[in-house]
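Summary of the model geometry
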Amino acid sequence: MKTNFLICFLITLLCLNPIVGDANAKSQEIPIHFKVNNFYILYTQPAPPFLDQKGRILIPLKAVKDLLGGKVAYNAMNKTATVNLLGRSVIFTIGSRDIFINNEPVTMDTVPVMKENAMFLPISVLVKDTDAKMQWDSERGLLKLEHDSFNKSQVLLSFLGQDLAEVTNKEAFDLHSYEWNGVGKLIIHANYDESLKFSEKQVDIRPLIMYGKTFTMDPYSKSIPGSKIQCTGKGKLTLKRDFGNMGEKVQYIIAAGRLVD
């Protein structure tokens, strides 16, 4: 009897360990590498924007359309993608440094890749030599892009359509990382200038969770159960938000870092 119990116990441990490990992995702190206009891009389905070995920010092909308002097309047979953005046409091929900008050949210093069955491409190539503003923070590993047309994209337009705040400082908080368990619990970490004076009610790190064509965003008119802002040290702030079990696949998570009236 004791032997059977021990065997069952060991089997249970072996079954549980991978699950526990996976849950821990999903809750690890993830750096934020991408900002579009005033919005930090935390997550893009099927994986967050990431730094490749050349130090370039790569984002999913679909995110170019959803975040920047570009037109995209992918040819699975040739493993090529065509992106029309900011008046230019750019053709990428997975694994190749060679691209075509308005049919002119150009060589990059990195390559597009396949990740979780999606094409990821270097975003800076799409905006270089255009009228969009591009700022690279090498210390943070953060790429900032600015252009009025980006606010007309599907995801940012959804945020702005619900944005009723009177903003007093649009860059009060520097969002640098987040934790996401994949089903509803979100933690966002931010830094701020220690001389900045504010109350908890003025902090606006309001995350937007985008699904296929719907989204969740906290209203400005009331406090939200499961949402908590904490000062965790000098010049450090954390937002904890529990959305509950969503039951839908998340496409994007974006957030602001502002002070409001």
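Position numbers for residues start from 1 in each chain and track the written sequence from start to end. Where local features are concerned, this predicted model is filtered to residues with pLDDT of at least 70; where side-chain atom pairs are given and counted, the filter is 80 or more; whole-chain, interface and lining totals use all residues. Side-chain metrics rest on all non-hydrogen atoms present in the structure, leaving aside hydrogens and water.

1. Quick notes on the sheet that holds strand β4 (residues 50-51)
The rule for pairing is simple: two strands pair if DSSP sees at least two bridges between them. Counting from the N terminus, the helices are the DSSP runs of H or I reaching at least four residues and the strands are the DSSP runs of E reaching at least two. The 4 strands are arranged β4-β5-β12-β11 in an open sheet whose pairing can be described as antiparallel. A single partner strand is all that each edge strand has here, and the edge strands are β4 and β11 (113-115). Looking at chain direction, strand β5 (residues 57-60) and strand β12 (residues 118-122) are connected through 3 bridges and run antiparallel. Counted as the bridge partner of P60 is F120 from β12. Working rule for contacts: check all heavy atoms of both residues, and any pair within 4.5 Å makes them a contact. A fitted line through C-alpha atoms serves as each axis, taken over the contacting stretch for helices, and the angle formed by two N-to-C directions is quoted from 0 to 180°. Each of β5 and β12 is contacted by helix α2 (residues 61-68), which is oriented at about 85° to β5, the strand it contacts most.

2. Here's the deal with the nonpolar core
Working definition of a nonpolar core: buried Ala, Val, Leu, Ile, Met, Phe, Trp, Tyr and Cys residues. They are joined through side-chain atoms within 4.5 Å. Buried, partly exposed and exposed residues are distinguished by accessible area as a fraction of the type maximum, computed with a 1.4 Å probe on protein chains only: under 20%, between the cut-offs, and over 50%, respectively. Counting residues in hydrophobic clusters, the biggest one holds 39 residues, and the most contacted among them are F34, V64, F92, I123, L126 and F150. Broken down by element, this core gets its largest block of residues, 5 residues, from α2. The contact partners of L126, leaving out residues within four places of it in the chain, are V64, V83, L85, L86, R88, V90, F92 and L121. Within the second largest apolar cluster, 26 residues are counted, among which are Y178, I205, I209 and I229.

3. As for helix α4 (residues 154-161)
Along an α-helix, residues three or four apart share an orientation, since each turn contains 3.6 residues. Regarding α4, the residues found buried are V155, L156, S158 and F159. The buried side chains of α4 occupy one side of the element, clustering within an arc of 155° when seen end-on. It is the directions from the helix axis to the C-beta atoms that the arc portrays.

4. Topic: the pairing of strand β14 (residues 142-146)
Sheet analysis places strand β2 (residues 34-36) next to β14, joined by 3 bridges and oriented parallel. Directly across from K35, in β14, lies its bridge partner K144. Sheet topology places strand β13 (residues 133-137) next to β14; 5 bridges connect them, and they run antiparallel. From the neighbouring strand, W136 faces β14, where its bridge partner is L143. Between β13 and β14, which pair antiparallel and follow one another directly, the connecting turn spans 4 residues, one of which, G141, has a positive phi of 70°.

5. Overview of the pattern of salt bridges
Counted as salt bridges are all cases of a side-chain nitrogen of Lys or Arg within 4 Å of a carboxyl oxygen of Asp or Glu. As enumerated under the stated definition, the model contains 6 salt bridges in all. The partner of K65 in a salt bridge is D66, and the shortest N-O contact between them spans 3.8 Å. Residue D66 is classed as buried on the basis of its relative accessible area of 2%. With its nearest N and O atoms 2.5 Å apart, the salt bridge here joins R258 to D204. Of this pair, R258 sits in strand β24 (residues 258-260) while D204 sits in strand β18 (residues 203-204), placing them 54 residues apart in sequence. You'll find R258 and D204 in the same group, each marked buried. Salt bridges linked by common partners bring K62, K65 and D66 together as one network.

6. Let's talk about the layout of surface pockets
Only protein atoms enter the 1 Å grid used here, on which a cavity is any set of points holding a 1.4 Å probe that cannot leave and a pocket is any open set flanked by protein within 12 Å on both sides along at least five of seven lines; residues with an atom within 4 Å of a point are listed as lining. Grid points are joined across faces, edges and corners, and a volume is the space filled by probe spheres set on the points. If you add up the space inside the second largest pocket, you get close to 370 Å³. Along its surface, the second largest pocket is lined by 19 residues, and R56, D109, S124, V125 and K128 are the ones closest to its centre. Secondary structure elements with two or more residues in the lining of the second largest pocket: β9 (98-101), β10 (104-107), α3 (124-127) and β13. Each residue is assigned to one class: nonpolar for Ala, Val, Leu, Ile, Met, Phe, Trp, Tyr, Cys and Pro, charged for Asp, Glu, Lys and Arg, and polar for all the others, Gly among them. Residues belonging to the lining of the second largest pocket are distributed by class as follows: 10 nonpolar, 4 polar and 5 charged.

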